[in-house]
Amino acid sequence: MYQTLSQKISDARLMIAGIKGNLEILKSIGLNEQNAQEIETALAKVQELDTKQERLKAELKVCTAELNDFSKQMDSLVRSSRKRVKLAVPQAGWKEFGIQDRR
């Protein structure tokens, strides 16, 4: 069964609370305060990395939008320049500008 990260975090918190609340019962099977602490440490790292990942996703979204804007601007400038080159340069010289059109 697939679990979301929030479900895994919730399960980890419940496990920590369960271990801490039942240390006497669990010591016979080798679960103790140290196990709860290890889960807490892993949980803290997971939450830290999740926060970092969300921040990076937001930054990437902004960067992608900026990239798309500049790409559109570049395309427009190249199209405009291509039209001007075709008017001013004989067809034989178009390849120098990367123009493969025939006319």
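As a reminder, the structure under discussion sits directly above these lines.
Attention in this report is confined to the structure presented alongside it. (Residues numbered from 1 in each chain as written. Predicted model: local features only at pLDDT ≥ 70, side-chain atom pairs only at ≥ 80, totals over all residues. Heavy atoms only, no water.)

Now for the pattern of salt bridges. Two side chains of opposite charge can pair, provided their charged atoms sit close to one another. Under the definition given, this model contains five salt bridges. Note that Lys-20 is salt-bridged to Glu-40, the shortest N-O span being 2.7 Å. Here Lys-20, found in helix H1 (residues 5-21), pairs with Glu-40, found in helix H3 (residues 33-88); they are 20 residues apart in sequence, far enough to count as distant. Lys-27 serves as the salt-bridge partner of Glu-24, at 3.1 Å between the closest nitrogen and oxygen. A residue is classified by how much of its surface remains accessible, and Glu-24, at 60% relative accessible area, is exposed. (Salt bridge = Lys/Arg side-chain N within 4 Å of Asp/Glu carboxyl O. Helix = DSSP H or I, 4+ residues; strand = E, 2+ residues; numbered from the N terminus. Buried < 20%, exposed > 50% of the residue type's maximum accessible area, 1.4 Å probe, protein only.)

On to the nonpolar core, then. Note that soluble globular proteins tend to have their nonpolar side chains buried in a common cluster. With seven residues, the main nonpolar core is built from Ile-9, Ala-12, Ile-16, Ile-19, Leu-26, Ala-36 and Leu-43. Elements with a minimum of two residues in this core: H1 and H3. Those residues in contact with Ile-19, other than ones at most four positions away along the chain, are Leu-26, Asn-32, Ala-36 and Ile-39. (Core = buried A, V, L, I, M, F, W, Y, C linked by side-chain atoms within 4.5 Å. Contact = heavy atoms within 4.5 Å.)

The terminal C-alpha atoms of H3 lie 81 Å apart, and with 56 residues this matches the ideal 82 Å at 1.5 Å per residue to within 8%. Within H3 the residues assigned to the buried category are Ala-36, Leu-43, Val-85 and Lys-86. The N-cap of H3, judged by a side-chain oxygen 2.9 Å from the amide nitrogen of Gln-34 a few residues on, is Asn-32. (Expected span 1.5 Å × (residues − 1). Polar contact = N/O pair within 3.5 Å; in protein donor to acceptor, adjacent residues only side chain to side chain.)

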